[in-house]
Each structure stands twice: as structure tokens, then as C-alpha cells.
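# Survey of secondary and tertiary structure
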Amino acid sequence: MATSSVKIIRNKKDLRAQVREWHMADLKVGMVPTMGALHHGHLSLIREIQKHVDKVVVSIFVNPKQFGPNEDFDKYPRSETADIKKLDEVDTDLLYAPDVGEIYPEGFLTNVSVAKITEGLCAAKRPGHFDGVTTVVTKLLLQCLPDVALFGEKDFQQYTVLKQLANDLDIPTDVMCGKLIRDDDGLATSSRNVYLSPEERKTALEIPKTLKQAIEDIESGALSMEEALAKGTQHLLDSGCKEVQYLEIRQSDNLDPITTTIAETSPILARILVAAVVGKTRLIDNMPIKIFF
Ligand code: AMP
């Protein structure tokens, strides 16, 4: 039986020693933090970061702190053996797979929190979620000390928050954004897509379609931002989404709301972002959009 060439490390001491050895050899190290159940969105991040660094560390850690009490922490898909095979296929150098005690040992008391960008959008319905993300990513980056870390455009608010975090805390890692990957039918690839029944998947496909339609309505000047967002929300509900948690347009670089007073140059490069619930599954998506004033 073929054995994996991915080195597996489960504690921070060995991780630090390996990365130190690579740095001593003048090798650049990249990190892709994940929660596992790897799919081609994750693999695309690994291929992308390989263009910038010599060695790639992928972490798999299902972080309890970023799940709310009624969320899917217990049933979140876990598939380490299959994940290792996929990591091997894209020539990952190292898998860091700590257990909960390694990340949050007994007596752990610290919370890392980024202000402002963590208000609204995903935070509105997931209180505490971003503190969980920023706390664990701070730990993962400090444990590994990679030169580059890559996060997916799929979680655009998360990427924006983490870029701010690394900058504010002088973490010596360049935080970069990797392209959003979609399944062939257009649905943003997600570990949570496995929860969808065929019928729910049909409904879920209306999410990217709605974003595209709103972009067309706004960029063509056919509808105002407000009109297009109201139309999109209604369409998602009519298509069978249980709830539209948000459908909003924000500035791309800092996620501030769009107001006419910011229109120094037109068009403004913005993002249209959505979170909707299909069946019991919460799905998110986003796309770039130009706003003309
Ligand atoms: P997760 O395992 O869902 O926490 O995701 C780990 C990383 O993969 C995050 O930076 C996500 O933004 C990224 N990611 C997840 N899905 C996709 C996707 N479809 N395209 C690009 N990146 C993704």
C-alpha cells in the first residue's frame, strides 16, 4: 500500500522545530488554515500558495470556539484519512492537525477580537464567531510563523478581518486572498454542501444566480442598489430559501457601507455578499461589483 509523503505533526513544539529548520535553510513557508473535509476550494488555495513559497503547511482544526451553541460543531464533516490523500495529491509538505487540548489547554483565558469589520454581515447571526476565528488564527499563525498565509475569497469578511488582525498585531505573516472556487453548477464549493439534498441544492443554486442578476441590474443602471437587493432577497425567498440573513453591498477593502459621500472616484469596487439558509444549511457567497455614482 502506498504511504503518504505528507508529514503529519500534532503539536506546536514539533511544528515550530520543522518551520525553524526550513527557515534556517532559507526556505519560504506558507500556511493554509482549514477545518478539513477538504474539497477543491481548499486544494486550489494550496496550489496557489505553492507559487509563492517553498514549503506548505496545511492545518486542519475544527475550532469549537467559532461555532455557536446551536450550530453544527458536532456534525461538522471530519475525514482525516481522505484529507491526507488529497493533501498528498497536491504535494503538501506538512499537515498540522492538533487536538483541542493543544490549541486550548486547560486554563486558557485569552480572546482575540477585531472591532468594526466583525460587526454586521456574518456576525449579526453568529455572535462570537469572529472572535473564535481571530483567536484560533492568531494561535495558528504564532505557532507556525509562516511567511505567507492564504485564506479564501469565499469567506470574504473573514479574509478582511484576518488581514486587519495580522497587520494590527504585527504578526510577521503576509495574509493573502485566494480565488473563490465553485462547483461545476456554480454553487460556491463548501464542506457544508454535503448537507444539501438534491432539492435543496437546486434552491442553493439560486444564490449565485441572484448575485449575478443583482450585479447586472445595478451595473446596467436598470435598478438602484436598494431595488436590486430587495428584488434579490425576494427571489431567494420565493426560490425556497428558509431565510436570507443578509444580501448587502459593501466596499471591497474595508467592508464599510457604500454611501454617496465616498464617491471620490467612480466606479467604486465593491462586493455583494449573501448568507442564506437552505433547509438546515447556512450558505454564503459573494462577488465583486462596480458601483457607479
Ligand atoms: P474552512 O475549512 O471552510 O474553514 O475553509 C478553510 C479555508 O478555505 C478558508 O480560508 C476558506 O475561505 C477557504 N475556502 C473554503 N471554501 C472555499 C472555496 N470554495 N473557494 C476558495 N476558498 C475556499
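Below, the structure is looked at part by part. Since the model is a prediction, treat every value here as computed from it, not as a measurement.

Rules and cut-offs
Residues numbered from 1 in each chain as written. Predicted model: local features only at pLDDT ≥ 70, side-chain atom pairs only at ≥ 80, totals over all residues. Heavy atoms only, no water. Helix = DSSP H or I, 4+ residues; strand = E, 2+ residues; numbered from the N terminus. Rg over C-alpha atoms; globule rule 2.2 N^0.38 Å. Areas by Shrake-Rupley, 256 points an atom, 1.4 Å probe, with all protein chains shown as cover. Polar contact = N/O pair within 3.5 Å; in protein donor to acceptor, adjacent residues only side chain to side chain. Contact = heavy atoms within 4.5 Å. Near = heavy atom within 4 Å. Nonpolar A, V, L, I, M, F, W, Y, C, P; charged D, E, K, R; others polar. Pairing = 2+ DSSP bridges. Axes fitted to C-alpha atoms, helices over the stretch in contact; angles between N-to-C directions. Parallel < 35°, antiparallel > 145°, perpendicular 65-115°, else oblique. Left-handed = near helix turned anticlockwise from the far one by under 90°. Salt bridge = Lys/Arg side-chain N within 4 Å of Asp/Glu carboxyl O. Buried < 20%, exposed > 50% of the residue type's maximum accessible area, 1.4 Å probe, protein only. Phe/Tyr/Trp six-rings, centres within 6.5 Å; stacked < 30°, edge-to-face > 60°.

## Quick notes on the overall build of the protein chain
Per the secondary structure count, the protein chain includes 10 helices and 9 strands. Expected size for 293 residues packed as a compact globule is a radius of gyration near 19 Å; at 20 Å, the protein chain falls within 12% of this value. Projected onto its principal axes, the C-alpha positions of the protein chain cover 60 × 45 × 40 Å. Accessible surface computed for the protein chain: about 14400 Å², of which carbon and sulfur atoms make up 52%.

## Remarks on the side chain of glutamine 245
If you trace the backbone, glutamine 245 turns up in strand S7 (residues 243–251). Within the local environment of glutamine 245, its side chain forms a polar contact with the side chain of arginine 282, the two groups lying 2.6 Å apart. Leave out the neighbours within four places in its chain, and glutamine 245 touches Lys125, Ala275, Ala276, Val277 and Arg282.

## Focus: the site of the ligand
In the vicinity of the ligand lie 17 residues, with His42, Gly152, Asp155, Ile181 and Thr189 positioned nearest. Separating an oxygen atom of the ligand from a backbone N or O atom of methionine 35 is a distance of 2.9 Å. In this structure, glycine 152 approaches the ligand through a main-chain N or O atom, which is 2.8 Å from an oxygen atom. Summarising the interface, the protein chains cover 93% of the accessible area of the ligand, which totals 480 Å² for the free molecule. Elements that contribute at least two residues to the shell around the ligand include exactly strand S2 (29–34), helix H2 (40–50) and strand S5 (148–152). It is H2 that contributes the most residues to the shell around the ligand, 3 residues altogether. Here the shell around the ligand is built from residues that sort into 7 nonpolar, 7 polar and 3 charged.

## With respect to the sheet that holds S5
The strand order across the open sheet formed by 6 strands is S1-S4-S3-S2-S5-S6, and the pairing between neighbours is parallel. Looking at strand neighbours, the two that pair on one side only are strand S1 (7–9) and strand S6 (174–178), the edges of this open sheet. Pairwise comparison of adjacent strand axes, ignoring direction, gives a mean angle of 25 degrees for this sheet. Judged from the 6 bridges that link them, S2 and strand S3 (residues 55–60) form a sheet pairing that is parallel. By the bridge assignment, proline 33 is partnered in S3 with serine 59. Relative to strand S4 (residues 94–96), helix H1 (residues 12–24) is tilted by about 150 degrees, and along the sheet it contacts S1, S2, S3 and S4. Most of the contacts of H2 go to S5, to which it runs at about 150 degrees, and overall it touches S2, S3, S5 and S6.

## Digging into the packing of helix H6 (residues 129–144) against helix H7 (residues 156–168)
At a minimum axis separation of 11 Å, H6 and H7 run at an interaxial angle of 50 degrees. Accordingly, the angle class assigned to the pair H6 and H7 is oblique. In the packing of H6 onto H7, the handedness of the crossing is right-handed. Across the interface between the two elements, Phe130, Val133, Thr134, Val137 and Thr138 from H6 touch Gln157, Gln158, Val161, Leu162 and Leu165 from H7. Classifying every residue of the contact of H6 with H7 by side-chain character gives 6 nonpolar, 4 polar and no charged.

## Structural notes on the pattern of salt bridges
Taken as a whole and assessed by the stated rule, the structure comprises 16 salt bridges. Between glutamate 102 and lysine 12 there is a salt bridge, and its shortest N-O distance comes to 3.8 Å. Placement of the pair is glutamate 102 in helix H4 (residues 100–103) and lysine 12 in helix H1, with a sequence separation of 90 residues. Using a relative accessible area of 17% as the deciding quantity, one classes glutamate 102 as buried. You can call lysine 12 partly exposed: its relative accessible area is 29%. The residue aspartate 183 makes a salt bridge to arginine 201 at a minimum N-O spacing of 2.9 Å. Placement of aspartate 183 in the loop between S6 and helix H8 (198–204) and of arginine 201 in helix H8 is noted, with a sequence separation of 18 residues between them. Look at arginine 201 and you get partly exposed, because its relative accessible area is 22%. Within this structure, Asp183, Asp185 and Arg201 form a network of salt bridges that share partners.

## A few points about the packing of aromatic side chains
Per the counting criterion, the structure on display carries 5 aromatic pairs. Pairing phenylalanine 61 with tyrosine 104 gives two aromatic rings, centres 6.2 Å apart and planes at 55 degrees, and the pair type is tilted. Of the two residues, phenylalanine 61 sits in the loop between S3 and helix H3 (80–89) while tyrosine 104 sits in the loop between H4 and helix H5 (122–125), which places them 43 residues apart along the sequence. Residue class for phenylalanine 61 comes out buried when judged on its relative accessible area of 5%. For tyrosine 104, a relative accessible area of 12% gives the class buried. Measuring from centroid to centroid gives 6.2 Å for phenylalanine 156 and tyrosine 159, while their planes differ by 50 degrees, and the two rings are tilted. Of this pair, phenylalanine 156 and tyrosine 159 are both found in helix H7, 3 residues apart, which corresponds to roughly one turn of the helix. Tyrosine 159 carries the same exposure label as phenylalanine 156, and that label is buried. Taken together, the ring pairs connect Phe61, Tyr104 and Phe108 into an aromatic cluster.

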